[in-house]
Amino acid sequence: MSSRLPTLAVVGATGAVGTVMLDILSTRENVWGEIRLVASPRSAGKRLTVRGEEVEVQALAPEVFDGVDVAMFDVPDAVSKEWAPVAAERGAVAVDNSGAFRMDPDVPLVVPEVNAEQTRNRPRGIISNPNCTTLSMIVAMGALHRAYGLAELVVASYQAASGAGQEGIDTLHDQLAKVASDRTLGSRAGDVRAAAGELGPFPAPLAMNVVPWAGSLKDDGYSSEELKVRNESRKILGLPDLRVSATCVRVPVVTTHSLSVHATFEREVDADAARAVLASAPGVVVLDDPAAGEFPTPADVVGTDPTWVGRIRRSIDDPRSLDLFLCGDNLRKGAALNTAQIAEVVAAEFTA
Ligand SMILES: NC(=O)c1ccc[n+]([C@@H]2O[C@H](COP(=O)([O-])OP(=O)(O)OC[C@H]3O[C@@H](n4cnc5c(N)ncnc54)[C@H](OP(=O)(O)O)[C@@H]3O)[C@@H](O)[C@H]2O)c1
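**A few points about the pairing of strand E10 (residues 257-265)**
And then number 1: With seven of nine residues buried, E10 lies mostly within the body of the structure.
And then number 2: Of the pairings in the sheet, the one linking strand E8 (residues 150-159) to E10 comprises eight bridges and is antiparallel in character. For Glu152, the partnering residue across the bridge sits in E10 and is Thr264.

What follows is the structure in structure tokens.
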């Protein structure tokens, strides 16, 4: 094992997740030697700042992985599917943020606070980062699972526009600008839709609205996003039979996903004890004093790293169930930060 700082490639450095990744790489303790920035040919030659230095963006090509130890992929599924194996063939460990490999049995799905040991179990040379909605709750759920044994999750999400990438952010801002000045809007069916303009990546206007849909249509009427919450939670927690039911909803928030969770456990729970479990869990902050107006909201949580938990109640009807409200920045822990944490676990192998 050599003792040198490993070389990192960030593929998708110009996107919504990539932009946050550059900020995270600039502010966390540095574990990297060279950092290469990669995107589509459209962005080649652009200069982006990371660790206080300007770096030129390179177009994605096999040679960009030569000499690279870890390659992060913050790109659409199809691009990861084609290029993460290329990076792995050229000797890099690929850490992929897309949905391309998450359910591949030969690719670990890692949340360092929950299952960091899985990073070494990577026969394809690829490690997957979970979907942002799953990530916004799973650190807290992992802590509660260790304490009480999880039996079932019933989840409703309130997902931010940036979960649909830079196009989602731009669409929400454009729509908000169009509807903001007309104080008559929101009183007649269809008036917001007529005023909001382009729908962008959403199936209905997002400004002044909530949209009970994220992702694509899958079996039995579920969306792809809802199935990801179910399947990825099972894989990360190592509970293949966990009962999970999710309804994913998009709300007019730029960044930070929220989730309302009804969690049922093997053992009886107590709200104060659960609060203590969560308060001592790495990566979790409890903010739970409704009398003082203290609970997590996206406006207060955005830009921070932890999973925030509040409104913790033992179910009135079931002593084995808790009701909770969680918020997590979908571009930080929900994407870039978790990828950076996985990459740092791998980087430690090079300096061990
Ligand atoms: N947004 C979230 O909350 C979130 C959370 C978890 C995971 N993810 C996943 O992370 C990935 C990136 O999402 P995002 O929201 O950052 O998307 P985005 O804002 O649309 O950015 C996409 C990035 O991929 C690059 N790219 C696109 N096509 C390419 C190609 N053919 N070759 C090389 N680079 C290409 C783009 O480069 P150009 O600028 O040059 O086009 C850009 O850097 C997706 O798989 C997404 O599902 C997103």
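Moving on from the coordinates now.
**Regarding the pattern of salt bridges**
And then number 1: In this structure the tally under the stated criterion is 17 salt bridges.
And then number 2: In this structure, Lys333 engages Glu113 in a salt bridge whose closest nitrogen and oxygen atoms are separated by 2.8 Å. Residue Lys333 is located in helix H10 (residues 332-351), and its partner Glu113 is located in helix H3 (residues 112-115); the two are separated by 220 residues in the primary sequence.
And then number 3: Using a relative accessible area of 23% as the deciding quantity, one classes Glu113 as partly exposed.
And then number 4: Beyond isolated ion pairs, a larger network of salt bridges with shared partners links Asp23, Asp305 and Arg332.

**Describing the sheet that holds strand E1 (residues 8-11)**
And then number 1: One open sheet accounts for seven strands, arranged E3-E4-E2-E1-E5-E6-E7; its pairing is mixed. Only two strands of the sheet have a single partner each, and these edge strands are strand E3 (47-50) and strand E7 (126-128). Between one strand and the next, the sheet's axes are offset by a mean angle of 30°, whatever the strand orientation.
And then number 2: By the bridge criterion, four bridges tie E1 to strand E5 (residues 70-73) in an arrangement that is parallel. Each bridged residue has a counterpart across the sheet, and for Val10 the counterpart in E5 is Met72.
And then number 3: Along the sheet face, helix H1 (residues 16-27) touches E1, strand E2 (35-39), E3 and E5 and points at about 40° away from the line of E3.
And then number 4: Where helix H2 (residues 77-89) meets the sheet, it contacts E5, strand E6 (93-96) and E7, and its direction lies at approximately 175° from that of E5.

Here is what the cut-offs are and how they apply
Residues numbered from 1 in each chain as written. Predicted model: local features only at pLDDT ≥ 70, side-chain atom pairs only at ≥ 80, totals over all residues. Heavy atoms only, no water. Buried < 20%, exposed > 50% of the residue type's maximum accessible area, 1.4 Å probe, protein only. Helix = DSSP H or I, 4+ residues; strand = E, 2+ residues; numbered from the N terminus. Pairing = 2+ DSSP bridges. Salt bridge = Lys/Arg side-chain N within 4 Å of Asp/Glu carboxyl O. Axes fitted to C-alpha atoms, helices over the stretch in contact; angles between N-to-C directions. Contact = heavy atoms within 4.5 Å.

Keep in mind that these numbers describe shape and distance, not what the molecule does.
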